[in-house]
Structure formats: C-alpha cells, structure tokens
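What follows is the residue order along each chain.
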Amino acid sequence: PGYMVPSHFVQLAAMPVTANGKLDRKALPEPDGRMAAGGEYVAPRSEKEAQLAAIWQELLQAERVGVRDDFFVLGGHSLKATMLASRIHKQFEVDIPLRSLFELTTVEQQAAYLEQAKRSRYVALERTERREWYPVSSAQKRLFILEQFEQMGTSYNIPEFMAVEGP
C-alpha cells in the first residue's frame, strides 16, 4: 500500500556497518528532503493555491510545492495533516475534515474543495487568567464521585518516566 512506500530514498555505494558487521544506523546519511513528487512542477495559478502552497512549504519544509504535488509523497503524515487542517481553518475559515485531507492530497484538489466549502468562523482558544483553582469538567466530577464511592485510591494514576536528552 502507498503508506508503506518510503518517502525518501538515498543511494549509497555500500551500507555502513559496525565492527561486528551489523548495520551502523548512526552512520547513515540524512535524506536531503528533496524527494520528487512524481510529476512535473506546476506553479500555483490562483491566490488560494498560492496560499495553500505556502502553508505546505512551511509545514513540510519544502523549497517549492506545485499544485499537483502529493502531500504524503512530500513527507506529510497524519500529525502534519492535522496541523494543515488547523492552518486551513485559521487562514481560510473553512473547517476541512481530516478525512478529506487524506482524500484530497494535492493543493489543486484542496483549493477546489475550499472554493465550494461553506465558511466556518475560526475562533482561537483564549488563555485564561491564573487562578488558585479552576472549575472541573463533567468527566473529572464523575471520576471524583466514583473515587468517593469505590475508594479506588490511585488506580487512575498512570505513572510514566521519560528520559529527555539534548537541547
């Protein structure tokens, strides 16, 4: 399937190996990110396509994006698609479902969708003021009541440890 095809290929004369003959992953070169999108470059033809291409370039860290380039071939994935949906909603005031981004994978297709889609006002979340305590949600109230009845203690606590290295 298409999602299993690597998004980058790097041609090597030989695979780097460690002293014991295993693949030395640390010695592998980084892909340069200039993966061809599979077709001839077609420049944006409208303001909407140009704006979408600019969003793609920023998200995918691509030098240039053509209107027929495929989002996932250029290195997009589900998290970047989510960020794309958010930026489209903010810039064009159209709430595009994530599912549609998996079906409409080119700037050309997404621009056509935006032309016929109905507007959905973008409302940014506002930062609340600092307080000593905040109101709890219905789900939090439910957990509190269940804990009072069942005396579950820390059964909903999920301990986790992460090692963070580097800058």
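Relevant structure appears above.
Residues numbered from 1 in each chain as written. Predicted model: local features only at pLDDT ≥ 70, side-chain atom pairs only at ≥ 80, totals over all residues. Heavy atoms only, no water.

1. Describing the packing of aromatic side chains
At step 1: Within this structure, the stated rule accounts for three aromatic pairs.
At step 2: Geometrically, the ring pair formed by Trp 56 and Phe 71 is edge-to-face, given 5.3 Å between the ring centres and 70° between the ring planes. Remark: Phe 71 occurs in the loop between helix H1 (47-60) and helix H2 (78-92) and Trp 56 occurs in helix H1; sequence separation between them is 15 residues. This pair shows no difference in class: Trp 56 is buried, exactly as Phe 71 is.
At step 3: Residues Phe 71 and Phe 72 carry aromatic rings whose centres are separated by 5.2 Å and whose planes lie at 90° to one another, so their mutual orientation is edge-to-face.
At step 4: With relative accessibility at 1%, the residue Phe 71 sits in the buried group.
At step 5: A connected cluster of aromatic rings, assembled from ring pairs, spans Trp 56, Phe 71, Phe 72 and Phe 102.
At step 6: One cation-aromatic arrangement involves Arg 64 over Tyr 41; the distance from NZ or CZ to the ring centre is 3.8 Å. (Phe/Tyr/Trp six-rings, centres within 6.5 Å; stacked < 30°, edge-to-face > 60°. Helix = DSSP H or I, 4+ residues; strand = E, 2+ residues; numbered from the N terminus. Buried < 20%, exposed > 50% of the residue type's maximum accessible area, 1.4 Å probe, protein only. Lys NZ or Arg CZ within 6 Å of the ring centre and 35° of its normal.)

2. Here we look at helix H4 (residues 107-116)
At step 1: All buried positions along H4 are accounted for by Val 107, Gln 110, Ala 111, Tyr 113 and Leu 114. Viewed along the axis of H4, the buried residues span an arc of 160°, placing them on a single side of the element. With respect to the buried face of H4, the exposed residues turned more than 90 degrees away are Glu 115 and Gln 116.
At step 2: Contacts from the buried residues of H4 go to H1, H2 and helix H3 (98-103). (Arc of directions from axis to C-beta. Contact = heavy atoms within 4.5 Å.)

3. A short note on the side chain of Lys 48
At step 1: Looking at where Lys 48 falls in the secondary structure, it is placed in helix H1.
At step 2: On the basis of relative accessible area, Lys 48 is assigned to the buried category, the value being 15%.
At step 3: Ignoring sequence-local partners within four residues, the contact set of Lys 48 consists of Phe 92, Ala 111, Leu 114, Glu 115 and Arg 119.

4. With respect to the environment of Pro 1
At step 1: Its place among the elements puts Pro 1 in the segment before H1.
At step 2: Between the C-alpha atoms of Pro 1 and Glu 108, which are 107 residues apart in sequence, the distance is 23 Å.

5. Focus: the environment of Asp 70
At step 1: Its place among the elements puts Asp 70 in the loop between H1 and H2.
At step 2: Residues Asp 70 and Ile 96, spaced 26 residues apart in sequence, show a C-alpha to C-alpha distance of 17 Å.

6. Here we look at the pattern of salt bridges
At step 1: Inspection of every chain in the model, using the stated rule, returns six salt bridges.
At step 2: Arg 45 serves as the salt-bridge partner of Glu 108, at 2.8 Å between the closest nitrogen and oxygen. Of this pair, Glu 108 sits in helix H4 while Arg 45 sits in the segment before H1; the two residues are 63 residues apart in sequence, bridging distant segments of the chain.
At step 3: For Arg 87, the salt bridge is made with Glu 58, and the minimal N-O distance between the two is 3.1 Å. Remark: Glu 58 occurs in helix H1 and Arg 87 occurs in helix H2; sequence separation between them is 29 residues.
At step 4: A relative accessible area of 55% means that Glu 58 is categorised as exposed.
At step 5: Sharing partners across several salt bridges, the network here consists of Arg 45, Glu 49, Arg 68 and Glu 108. (Salt bridge = Lys/Arg side-chain N within 4 Å of Asp/Glu carboxyl O.)

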